[in-house]
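# Report on the structure
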Amino acid sequence: MSALSDNLVSFAILAYLVAMISHAVEYALGNARTRVAAAPVRELVGAGVGGGGASVPTPPAPVPPSGAAERSARRARIAGLVAVGATALAAVLHLAALVTRGIAADRMPWGNMYEFVLTVTFIGVAAWLVVLWKRPSLRKLGLFLTLVMVLLVATAELVLYVPIVPLVPALNSYWFVIHVSTIVFASGIFLLGAVPAVGFLMRAGYEQGKRSFPYTLAKRLPAAVSLERLTFALHAFAFPIFTFAVIAGAIWAEAAWGRPWGWDPKETWAFISWVVYAGYLHARATPSVKRNVATWLAVLGFLTMLMNLFGVNIFFTGLHSYGGLD
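These figures come from a predicted structure and were not determined experimentally.

### Focus on the nonpolar core
Of all hydrophobic cores here, the largest spans 81 residues; its most connected members are Tyr-16, Trp-128, Leu-141, Phe-144 and Val-180. Listed by contribution, the elements that provide at least two residues to this core are helix 1 (2–38), helix 2 (67–105), helix 3 (113–134), helix 4 (142–160), helix 5 (174–207), helix 6 (224–257), helix 7 (265–284) and helix 8 (291–315). Broken down by element, this core gets its largest block of residues, 17 residues, from helix 5. Not counting the four nearest positions on each side in its chain, Leu-141 is found in contact with Trp-128, Val-195, Pro-196, Leu-221, Leu-227 and Leu-230.

Now the structure itself:
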């Protein structure tokens, strides 16, 4: 089962890579279609006797879809459908890898950084498929989501991988399922929420006339207002779950270590993340705060989550040092 899980993760990475490339093809073909369809036809008409007057351009004539534009549009649609199919396949392989890892370990597959990252990324992609099912118009955001999946899942497999080992005694409690499952779920939704947050910041800049990098990357993204609303909805959904997870962790700490809070590095960074995300939701609900300012807080919140996941486990030691890295 352990070897099967490892192979399934490798196949999932390949499927995410195919999805990312297909989304990129859809992006490129969409741009080509836009250039072909938008090419105006202008004629210069002479004004004055004998054509000696000034020449003025006529209004652009309507351009019917050309054969090249139609083919480009058809290929873009096909690439988009392939991307969604590959993402769904990758999610199935991803889930199967987690299930087989759990069966091989005879426990929930959340005992170290490798397993935690695999689970968080699966929650993120599963939530994305739900969002995509409800709002297909957001499909082009999949390019950035699959890019994140490729980077994080490949990092887990190539850098964070550890063989299956028994659960650390301190984690052998029913609170392990309660606390870790909620923190994993909230983290996966925050992961997904960071994608439209960054997309909104780029798209808003593009809509304001900015044509430098990275704003041009957002040319094919949905409207900024749609991305901002999705960002808020995901964070508003995840924040209460994250709050419960922190409270459950404090109760578990009281039972395991005789104190609910001790400013352990991971506890400290969890508190920092909670404060930043609370600040984002408060700023988002305050009319005087611009939406791009509030969204930067959401991005900062995700960076604190990454610090808590990678930085704390790698660079600090404490009661939560269960990363599994040597």
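### Looking at the pattern of salt bridges
For the structure shown, the criterion picks out 6 salt bridges. A salt bridge links Glu-26 to Arg-139; the shortest N-O distance between them is 2.4 Å. With Glu-26 in helix 1 and Arg-139 in the loop between helix 3 and helix 4, the pair connects residues that are 113 residues apart, well separated along the chain. Overall, the relative accessible area of 2% leaves Glu-26 in the buried class. Each of Arg-101, Arg-107 and Glu-115 takes part in one network of salt bridges that share partners.

### Some words on the side chain of Thr-295
The topology assignment puts Thr-295 in helix 8. Among the residues examined, Thr-295 registers a relative accessible area of 0% and is labelled buried. Those residues in contact with Thr-295, other than ones at most four positions away along the chain, are Ala-197, Phe-200, Leu-201, Glu-228 and Tyr-280.

Parameters at a glance
- Residues numbered from 1 in each chain as written.
- Predicted model: local features only at pLDDT ≥ 70, side-chain atom pairs only at ≥ 80, totals over all residues.
- Heavy atoms only, no water.
- Core = buried A, V, L, I, M, F, W, Y, C linked by side-chain atoms within 4.5 Å.
- Buried < 20%, exposed > 50% of the residue type's maximum accessible area, 1.4 Å probe, protein only.
- Helix = DSSP H or I, 4+ residues; strand = E, 2+ residues; numbered from the N terminus.
- Contact = heavy atoms within 4.5 Å.
- Salt bridge = Lys/Arg side-chain N within 4 Å of Asp/Glu carboxyl O.

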